[in-house]
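Each chain, letter by letter, is given below.
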Amino acid sequence: MTDEASKNQPRKAWLAAGLAAIVAGGTAAVVFAVVWFRHTVGDCGVVRFYEHAFGVMVLGAWAIGTGVGGSLMVAGRRAPTIGAVGSAVAVMTGLAMVLTCITTIHEIREADYSLKSTEQLLGFLAGNDLDRRKLAAHALGERRAAEAILQLCTILDDAQADINLRHNAAIALGEICAPPRMEDVDLDRAVASLVGALAYRDEYLPCSIAGALGRIGDARAAAALGDLLADHSRPSTAREDALRALVRIGGREARSAMEKARETCDDDRLRQSIDAALRMREDAER
């Protein structure tokens, strides 16, 4: 091997390493961009703005690092030391991009609860991680998992539980118990918990519960919804949602509850809504 060949061998090694890192980093950057922006697309607001900004910053940092490394590698034709530095920069940048891509895919898959089994979701729901419990309740509702009813009812019955967790539990019960229902749905337990929690003095939870009872359509909830509708001390949004639920439930019990609430209603706009709902019921029954 000549002296010239011996001198060129290290140069070829760092050049090959740098080029391989640029290719690997570029591939990882494309995969990251597709996965990340597909995950964040479609929503808006402050949180999504920062998520989009994070993706742009990652890709920008990779592009700058790769550009600097590649430029130094080109300059290294005349100054081998500079080329070796450029190769090191390219390798570190490419490696960081690959690791970022792998970590991002893993975290997104972990956050995608539609990929979890029902058993996993039930385990999360019974665990101590509040965020996981809320996400699990939501996912179980979307899956209409009847086996989750007992845990969801236990959460809803607990006045000390996190309000957002109870909110998700109420919505999930409404989705699971809405017609058409599976045979193993414990409708009695679900309706009892929802009706019991309807009395909770929160601004938004009764709205979620009323919506769930309306989807379920069980006449046993009519009296409690009527009480909420007639309660002057409750927020107008909750009373309006109670009226909508009664309209969806329909039947003699719902009509009686609306008529009773109409007699004592102190809100002109709400009274007009009740009148419209009653007329709609009359037209439907003719």
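From a predicted model like this one, the values you see are computed outputs, not experimental measurements.

Let's shift gears to the overall build of the protein. When you go through the protein residue by residue, the secondary structure sums to 13 helices and zero strands. Put simply, the protein runs from its N terminus to its C terminus through helices and strands in the order α-α-α-α-α-α-α-α-α-α-α-α-α. For the protein, the C-alpha radius of gyration of 30 Å lies well beyond 19 Å, the compact-globule estimate for 286 residues. A principal-axis box enclosing the C-alpha atoms of the protein has dimensions of 105 × 40 × 40 Å. By the burial criterion, 39% of the 286 residues in the protein qualify as buried. Of the contacts formed within the protein by residues at least 6 apart in sequence, a portion of 63% connects residues at least 24 apart. Taken as two groups, the 33 positive and 37 negative side-chain charges of the protein have centres that lie 6 Å from each other.

The subject of this paragraph is the packing of helix α7 (residues 163-177) against helix α8 (residues 187-197). Remark: α7 packs on α8, axes separated minimally by 11 Å, with the N-to-C direction vectors making an angle of 140°. Our pair here, α7 against α8, has a crossing hand that is left-handed. In this structure, α7 contributes Arg166, Ala170, Leu173 and Cys177 to the contact, and α8 contributes Leu187, Ala190, Leu194 and Ala197. Taken together, the residues of the contact of α7 with α8 break down into seven nonpolar, no polar and one charged.

What follows covers helix α11 (residues 236-249). Spanning 14 residues, α11 covers 20 Å between terminal C-alpha atoms, matching the ideal 20 Å at 1.5 Å per step. Buried within α11 are the following residues: Ala238, Arg239, Glu240, Asp241, Ala242, Leu243, Ala245, Leu246 and Ile249. One or two residues past the end of α11 sits Gly250, with phi positive at roughly 65°.

Time to look at the pattern of salt bridges. Per the stated rule, a full pass over the model turns up 12 salt bridges. Salt-bridge contacts for Arg239 lead to Asp266; the nearest nitrogen and oxygen are separated by 3.5 Å. Of this pair, Arg239 sits in helix α11 while Asp266 sits in the loop between α12 (251-264) and α13 (268-285); the two residues are 27 residues apart in sequence, bridging distant segments of the chain. On the accessibility criterion, Arg239 (4% relative accessible area) is buried.

Definitions and limits used
- Residues numbered from 1 in each chain as written.
- Predicted model: local features only at pLDDT ≥ 70, side-chain atom pairs only at ≥ 80, totals over all residues.
- Heavy atoms only, no water.
- Helix = DSSP H or I, 4+ residues; strand = E, 2+ residues; numbered from the N terminus.
- Rg over C-alpha atoms; globule rule 2.2 N^0.38 Å.
- Buried < 20%, exposed > 50% of the residue type's maximum accessible area, 1.4 Å probe, protein only.
- Contact = heavy atoms within 4.5 Å.
- Lys, Arg positive; Asp, Glu negative; His and termini not counted.
- Charge placed at Lys NZ, Arg CZ, Asp CG, Glu CD.
- Axes fitted to C-alpha atoms, helices over the stretch in contact; angles between N-to-C directions.
- Left-handed = near helix turned anticlockwise from the far one by under 90°.
- Nonpolar A, V, L, I, M, F, W, Y, C, P; charged D, E, K, R; others polar.
- Expected span 1.5 Å × (residues − 1).
- Salt bridge = Lys/Arg side-chain N within 4 Å of Asp/Glu carboxyl O.

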